[in-house]
Amino acid sequence: MSAPVTVGRRRLRRLPAWICLILALGISLFPLYWMLRTAITPGPELPSDNAGLLPRHPTLINFERVLGLVSRDEARAAGGSGANLSFFLYLRNSVVYTGLITCAQTLFCAMAGYAFARLRFRGRDALFNVFVAALMVPPIFTLLPNFALVKQLGWLNTYQGLVAPSLLMTPFAVFFLRQFFLGIPRDVEQAAFIDGAGPWTIFWRVVLPMTKGPLFTLALTTAVWTWNDYLWPLLVAPGEDTRVLTAALGIFLKQSPNTSPDWTGLMAGSALSVVPVLLLVVFFGRRLVDSIQFSGMKG
Amino acid sequence: MTTATLTKTETAGAALPRRRRGDGRVALAFLAPVLIGFAAFYVYPAVRGAWYSLTDWNLLSEPGFVGLDNYAELVRDPLFWNSLKVTAYYVVLTVGMQIVLGLGLAALMHRLTRSLVLRSLLVVPWLVPSVTSALLWMWLLDANLGFLNHLLVSLGLDNQGFLTSPELAMPSVAAINAWGATGYTTLLLYAGMLLVPQQIYEAAALDGTGEVRQFFRITLPLLRPILAFVLVVSLIDSFQLFDAVAVTTKGGPVDATRVVYYYIYEEAFTHFKMGYASALALSLVLILGLLTFVQMRLLRASRSDLA
């Protein structure tokens with residue numbers, strides 16, 4: 001190719017590529033739009049009104065009934081099975097479950113990560129290797145005995161049973177933070193040490209404030225995982241008072257008649273479970289993208 | 001998402017300033033919560049899990065020792081082998097889709113735009129809870145009212161029972177999870193592409209190499225280490241398929257989607273065969289361990305050509 005391609009022609013040549021990209025974006029997002037579209041369709045009308053881009057008679061009744069805001073009869077008239085639904089409660093449970101685990105786990109694992117990265121004690125590397133080995137174990141192996149343990153303790157359908165296994169640590173979080181602490185320069189810590197600060201002061205006053213970024217990244221990942229967690233909460237806390245959103249959606253589906261599921265209600269509940277995700281993207285989009293890309297660079 | 005980093009043999013550097021004694025006591029304080037959590041919810045259950053696998057425990061009565069009976073049963077259990085086969089099929093499908101689509105998208109983004117908004121939007125499906133995405137797709141793929149079938153019919157094709165046909169069920173489940181994970185894979189691969197020096201592309205363009213050739217001759221070879229990393233992560237992840245199957249197909253139709261995770265779950269919590277389920281779970285640990293080991297060897301063999 002001897003003559004330089006003009007900008008205009010280049011743009012035109014790239015048009016198919018742009019179309020592919022936009023198509024991919026469409027496939028990523030359209031299902032979520034369809035979820036919302038179904039959620040605002042009146043249940044009884046769904047069999048005849050399920051193809052247009054907008055429902056003929058948009059309504060909020062499905063949201064109201066999954067949130068438990070309308071009477072049982074009204075809910076049944078709108079296509080519900082009559083089962084009790086209170087997504088406010090499940091939403092709260094999800095927030096508590098996610099919040100507790102994210103805060104406690106990040107803090108405790110930061111302490112441990114710091115110890116593994118900076119302190120000297122006997123058996124440090126051996127212990128750390130045990131943690132790394134635990135990373136490889138698929139969760140189902142410990143899930144069965146953990147369920148048995150929680151059951152024996154009488155903690156089924158309690159918050160403590162729900163959060164116990166991941167409240168204090170996951171091997172991944174320890175591993176992740178230790179790698180980060182290894183990477184930060186020691187100068188500041190050294191200066192603090194010369195000023196007479198002990199390990200606790202250094203950790204709280206110097207290290208934690210300096211590593212806000214990675215801590216936040218880890219907390220974000222943990223929060224997303226915990227929010228999405230399904231099997232464990234379904235097994236140990238299916239009861240109304242401790243039921244989290246994901247488990248509630250599974251149970252909702254089970255209660256719905258097999259032949260004609262309550263799609264409008266299910267989509268309204270699903271939409272509620274996605275709201276926090278969208279907030280996350282709106283507020284922390286850049287950080288989220290950076291942290292994922294960062295884990296790619298590490299590879 | 002960590003396996004790759006393990007290959008680096010780092011040892012934590014010497015403690016802060018040189019001290020005569022170690023920091024044993026302080027370290028214990030720093031480590032206490034994590035050690036308690038690890039002992040109570042990782043080590044103890046692992047030991048118990050191994051013990052249960054040698055018993056006939058059914059959640060209700062006391063576990064009775066049965067030696068290796070569970071393992072003998074497992075070897076002869078056609079459903080177990082079927083579950084492994086089905087899982088492997090799923091893994092190949094979903095990882096294949098994710099990586100091919102992810103590579104394509106990442107390459108397009110790399111050549112066209114640095115838009116952060118675009119990247120954030122692409123990653124949205126990854127953040128959607130897997131239960132939610134399974135429900136959503138169950139509705140989109142519904143045999144009668146689903147949107148996708150409307151699309152097929154309007155194109156003059158027949159309705160498909162995506163999740164009710166034994167042939168289509170597993171590809172459908174794989175596609176559902178690929179929908180969730182592709183954005184994430186794309187970002188990882190895109191990050192890898194950013195590491196390739198721009199001059200190489202400029203030189204290639206000067207030589208008159210087309211974009212497609214550039215992708216196969218430059219991008220792909222230089223991306224090898226990150227591709228290997230993505231492969232490991234998505235492979236291990238995919239082996240643990242549970243949520244989408246539990247919501248959409250429940251292992252059916254005719255065992256077509258009874259993946260190993262779901263099979264273990266059913267044995268434990270529907271049939272209350274805790275002992276047998278533990279033996280299954282321990283076997284899965286061994287299988288995954290072997291797989292990880294093999295992959296790590298492969299990873300080591302694929303160092304970056306840029307280094």
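About the thresholds
- Residues numbered from 1 in each chain as written.
- Chains lettered and ligands numbered in written order.
- Predicted model: local features only at pLDDT ≥ 70, side-chain atom pairs only at ≥ 80, totals over all residues.
- Heavy atoms only, no water.
- Helix = DSSP H or I, 4+ residues; strand = E, 2+ residues; numbered from the N terminus.
- Rg over C-alpha atoms; globule rule 2.2 N^0.38 Å.
- Buried < 20%, exposed > 50% of the residue type's maximum accessible area, 1.4 Å probe, protein only.
- Contact = heavy atoms within 4.5 Å.
- Areas by Shrake-Rupley, 256 points an atom, 1.4 Å probe, with all protein chains shown as cover.
- UniProt positions renumbered as here; feature names shortened; annotations may be inferred.
- Core = buried A, V, L, I, M, F, W, Y, C linked by side-chain atoms within 4.5 Å.
- Buried area = accessible area lost by both parts, 1.4 Å probe.
- Salt bridge = Lys/Arg side-chain N within 4 Å of Asp/Glu carboxyl O.
- Polar contact = N/O pair within 3.5 Å; in protein donor to acceptor, adjacent residues only side chain to side chain.
- Nonpolar A, V, L, I, M, F, W, Y, C, P; charged D, E, K, R; others polar.
- Phe/Tyr/Trp six-rings, centres within 6.5 Å; stacked < 30°, edge-to-face > 60°.
- Lys NZ or Arg CZ within 6 Å of the ring centre and 35° of its normal.
- Expected span 1.5 Å × (residues − 1).

Undergrad: Tell me what's going on with the overall build of chain A, and back it up with residues and numbers.
TA: What chain A contains, in helices and strands, is 15 helices and zero strands. Against the 2.2 N^0.38 benchmark of 19 Å for 299 residues, chain A shows a C-alpha radius of gyration of 25 Å, more extended than a compact globule. Overall, the C-alpha framework of chain A stretches about 80 × 75 × 35 Å when taken along its three principal axes. Sorting the 299 residues of chain A into buried and exposed places 55% on the buried side.

Undergrad: Account for the overall build of chain B, with residues named and values stated.
TA: Within chain B one finds 14 helices and zero strands. Order of helices (α) and strands (β) in chain B, N terminus to C terminus: α-α-α-α-α-α-α-α-α-α-α-α-α-α. Buried positions account for 55% of the 307 residues belonging to chain B. When contacts within chain B are restricted to residue pairs at least 6 apart in sequence, those whose partners lie at least 24 apart make up 67%. Approximately 13500 Å² of chain B is accessible, and the part contributed by carbon and sulfur atoms is 65%.

Undergrad: Which residues make up the UniProt feature "domain: ABC transmembrane type-1" (unreviewed entry) in chain B, and what values go with them?
TA: The feature "domain: ABC transmembrane type-1" (unreviewed entry), as annotated in UniProt, sits at residues 84-295 of chain B in this numbering. Overall, residues 84-295 of chain B shows 77% helix and 0% strand. The separation of its end C-alpha atoms is 19 Å.

Undergrad: Hey, could you go over the UniProt feature "domain: ABC transmembrane type-1" (unreviewed entry) in chain A for me, with residue numbers and the actual values?
TA: In this numbering, the UniProt entry assigns the feature "domain: ABC transmembrane type-1" (unreviewed entry) to residues 91-284 of chain A. Structurally, residues 91-284 of chain A comprises 78% helix and 0% strand, and the distance from its first C-alpha atom to its last is 21 Å.

Undergrad: A description of the UniProt feature "transmembrane region" (unreviewed entry) in chain B should follow, citing residues and the corresponding values.
TA: Residues and elements named next belong to chain B. Within this structure's numbering, the places UniProt gives as "transmembrane region" (unreviewed entry) are residues 26-44, 88-109, 121-140, 176-196, 222-242 and 274-294. As a span, residues 176-196 carries 90% helix and 0% strand, and end to end its C-alpha atoms are 32 Å apart. Annotated as 100% helix and 0% strand, the span residues 274-294 places its first and last C-alpha atoms 30 Å apart.

Undergrad: Provide a residue-level description of the nonpolar core, including the pertinent values.
TA: In terms of nonpolar packing, the biggest core is built from 139 residues, with Phe 87, Leu 144 and Met 267 of chain A together with Ile 264 and Phe 269 of chain B touching the most fellow members. If we skip the residues at most four places from it in the chain, Leu 144 of chain A touches Ile 264, Ala 268, Phe 269, Met 274, Ala 277, Ser 278 and Ala 281 of chain B. The next biggest cluster of nonpolar side chains, apart from the first, holds 38 residues, and it includes Ala 117, Ala 134 and Phe 181 of chain A together with Phe 38 of chain B.

Undergrad: Run through the interface of chain A and chain B, naming residues and quoting values.
TA: At the interface, 108 residues of chain A touch 106 residues of chain B. Of the roughly 9800 Å² buried between chain A and chain B on both sides combined, carbon and sulfur atoms contribute 78%. When the buried area of chain A at its contact with chain B is split by residue, Arg 120, Phe 141 and Leu 144 of chain A rank highest and sum to 8% of it. Joining chain A to chain B, the criterion identifies zero salt bridges. At the boundary of chain A with chain B, the tally comes to seven residue pairs in polar contact (both at pLDDT 80 or more). Among the elements that make up the side of chain A that touches chain B, the one with the highest residue count is helix α15 (residues 263-298) of chain A (19 residues). Tallied by class, residues from the side of chain A that touches chain B come to 78 nonpolar, 19 polar and 11 charged.

Undergrad: Any details on the packing of aromatic side chains? Residues and values, ideally.
TA: Taken as a whole and assessed by the stated rule, the structure comprises 35 aromatic pairs over all chains. Here Phe 38 of chain B and Tyr 42 of chain B contribute two aromatic rings whose centre-to-centre distance is 5.6 Å and whose plane-to-plane angle is 20°, an arrangement assigned as stacked. Placement of the pair is Phe 38 of chain B and Tyr 42 of chain B together in helix α1 (residues 24-52), with a separation of four residues, close to one helical turn. We classify Phe 38 of chain B as buried; its relative accessible area is 7%. Chaining the aromatic ring pairs together yields one cluster made of Phe 116, Phe 121, Phe 128, Phe 131 and Phe 175 of chain A together with Phe 38 and Tyr 42 of chain B. Between the NZ or CZ atom of Arg 37 of chain A and the centre of the ring of Trp 34 of chain A, over which it lies, the distance is 5.1 Å. When the ring centre of Tyr 201 of chain B is taken as origin, the NZ or CZ atom of Arg 111 of chain B, which lies over that ring, is 4.6 Å away.

Undergrad: Just give me the short version of the side chain of Ser 165 of chain B, but keep the residues and values in it.
TA: Residues and elements named next belong to chain B. Along the chain, the position of Ser 165 falls in the loop between α7 (147-154) and α8 (166-194). Judged by its relative accessible area of 16%, Ser 165 is buried. At 3.0 Å, the side chain of Ser 165 and the backbone nitrogen of Leu 168 are in polar contact.

Undergrad: Help me get a handle on helix α7 (residues 139-152) of chain A, residues and values and all.
TA: Residues and elements named next belong to chain A. The end-to-end C-alpha distance of α7 is 20 Å, a good match for the 20 Å that 14 residues give at a rise of 1.5 Å each. Most of α7 is tucked away, with 11 of its 14 residues classed as buried. Regarding α7, the residues found buried are Ile 140, Phe 141, Thr 142, Leu 143, Leu 144, Pro 145, Asn 146, Phe 147, Ala 148, Leu 149 and Val 150. Backbone geometry just downstream of α7 places Gly 154 in the positive-phi region, at approximately 75°.

Undergrad: Which residues make up the UniProt feature "transmembrane region" (unreviewed entry) in chain A, and what values do they have?
TA: Per the UniProt record, "transmembrane region" (unreviewed entry) is found at residues 15-36, 95-116, 128-150, 162-181, 202-227 and 263-284 of chain A. Along residues 95-116 of chain A one finds 100% helix and 0% strand; the C-alpha atoms at either end are 31 Å apart.

Undergrad: Lay out helix α6 (residues 124-135) of chain A with the relevant residues and their values.
TA: Compared with the 16 Å implied by 1.5 Å per residue over 12 residues, the 17 Å span of α6 of chain A between its first and last C-alpha is a close match. In the core, the buried residues of α6 of chain A are packed alongside α5 (87-118) and α9 (171-183) of chain A together with α1 of chain B.

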